[in-house]
Amino acid sequence: MLILSSALLAGFPHGFTTRAGGASRSPYAGLNLSTSTGDEGASVEENWARLRQETGLSFARVKQVHGSAVARRDAPSLPGEEADAVITARPGLAACVLTADCVPILLGDPSSGAVAAVHAGWRGTLARAAARAVEALEREFGARRENLLAAVGPAIGPCCYEVSPDLAERFVAEIGPSACMVHPRTPRVDLWTANERVLCDAGIPPERIEVIERCTACDDEAFFSHRRDGVRTGRQVGFIAPPRAPFLD
Ligand SMILES: [Zn+2]
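Draft legend 1. Local environment of the overall build of the chain. When helices and strands are counted, the chain shows 6 helices and 13 strands. Once the C-alpha set of the chain is aligned to its principal axes, its extents read approximately 50 × 45 × 30 Å. Expressed as a percentage of the 249 residues in the chain, the buried residues total 55%. Sequence-distant contacts, at least 24 apart, represent 63% of the contacts inside the chain between residues at least 6 apart. Carbon and sulfur atoms make up 49% of the accessible area of the chain, which totals about 10300 Å². Across the chain, the mean location of the 26 positive side-chain charges is 3 Å away from that of the 30 negative side-chain charges.

This is the structure in structure tokens:
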């Protein structure tokens, strides 16, 4: 199993899974963590078991719907409640989101230990889903936004994310010019930078935000990609848990 991580979030058990180390067969090979696109249930369950074994964590999951609702979890859960972010302050319980081109964003509060995992495709990015999670961490756990640490995980990059001119214009108008790439024929949206912008606008200092800059569509060995592979592909997971022992910022 190969799990990518953020240096900024080193104080928190966290990571971004890759395809490596799973039991699923093509076109879902190997560590596919979703049954929603046609993979065999037994393979997906085996993959979750391997992830629990590898990390020593339990996982709080929600049913993702490309919105911006935030769900608080104090115990492990299977997808049921509709939300696109999970927050928790329970040590050993990982907030997590599934993605295959959309952006997984992880947040951690070094003071309270509270964490969030956010799923943001283009809809969730325009809806500023990551900012809703920042607000929820403040409201529920007393986190202060200027103390939060954030990582923007593997997602489709500006190299591959061609969009309609209309959608590009919305990103420029609602997020800012840095969220788009000018290209002679087809405009491209930069979801990495757009979400970094959303986190900055929400009050997290730029030096406390890490952008992993790994494109899911470019790297078929490491990542599932809906844009590259179509409907029949898998999902990777971004996860973060409150530390079991308190640490100093
Ligand atoms: Zn790419």
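Structure shown, so let's carry the discussion forward.
Draft legend 2. Region of the structure containing the coordination of the zinc ion. Within the first shell, the zinc ion binds the protein through Cys 159 (SG), Cys 160 (SG), Cys 215 (SG) and Cys 218 (SG), at distances of 2.2 to 2.3 Å. Classification of the site at the zinc ion rests on its 4 donor atoms, whose angles at the metal span 102 to 120°, yielding the label tetrahedral. Look at Cys 160 and you get partly exposed, because its relative accessible area is 23%.

Draft legend 3. Fine view of empty space enclosed by the protein. What the rule picks out here adds up to 1 cavity of 30 Å³ or more. Size it by volume and the largest cavity reaches roughly 30 Å³. Lining the largest cavity, in full, are Phe 16, Thr 17, Thr 99, Pro 104, Pro 154, Gln 236, Val 237 and Gly 238. Taken together, the elements giving at least two residues each to the lining of the largest cavity come down to strand 2 (14-17) and strand 13 (236-240). Among the elements that make up the lining of the largest cavity, the one with the highest residue count is strand 13 (3 residues). Residue composition of the lining of the largest cavity, by class: 4 nonpolar, 4 polar and no charged.

Rules and cut-offs
Along each chain, the written sequence defines residue order, and numbers are assigned to residues from 1. Given that the model is predicted, a residue must reach a pLDDT of at least 70 before its local features are reported, and side-chain atom pairs must reach 80 or more before they are shown or counted; all residues, however, enter totals for whole chains, interfaces and linings. Side-chain measures were taken over the full set of non-hydrogen atoms in the model, leaving aside hydrogen atoms and water. A run of DSSP states H or I qualifies as a helix once it reaches four residues; a run of E qualifies as a strand once it reaches two. Both are numbered from the N-terminal end. When a residue's accessible area, from a 1.4 Å probe over protein chains only, is under 20% of the maximum for its type it is buried; when over 50% it is exposed; and in between it is partly exposed. In what follows, a contact means two residues having at least one pair of non-hydrogen atoms within 4.5 Å. Per-residue and other accessible areas were derived by the Shrake-Rupley procedure at a 1.4 Å probe size, with only the shown protein chains allowed to occlude residues. Asp and Glu are treated as the negative residues and Lys and Arg as the positive ones, with His and the ends of the chain left uncounted. Here the site of a charge means NZ on Lys, CZ on Arg, CG on Asp, or CD on Glu. Sites may look incomplete because water is not among the atoms; the donors themselves are N, O and S atoms within 2.8 Å of the metal, or within 3.2 Å for Na, K and Ca. Here the metal geometry follows the donor angles, with tetrahedral for four donors whose angles all fall between 85 and 135 degrees, square planar for four and octahedral for six when opposite donors are more than 155 degrees apart and every other angle is between 65 and 115, and irregular for all the rest. Only protein atoms enter the 1 Å grid, on which a cavity is a set of points fitting a 1.4 Å probe that cannot get out and a pocket is an open set with protein on both sides within 12 Å along at least 5 of 7 lines, lining residues being those with an atom within 4 Å of a point. Grid points are joined across faces, edges and corners, and a volume is the space filled by probe spheres set on the points. Under the scheme applied, nonpolar residues are Ala, Val, Leu, Ile, Met, Phe, Trp, Tyr, Cys and Pro; charged residues are Asp, Glu, Lys and Arg; polar residues are all the others, including Gly.

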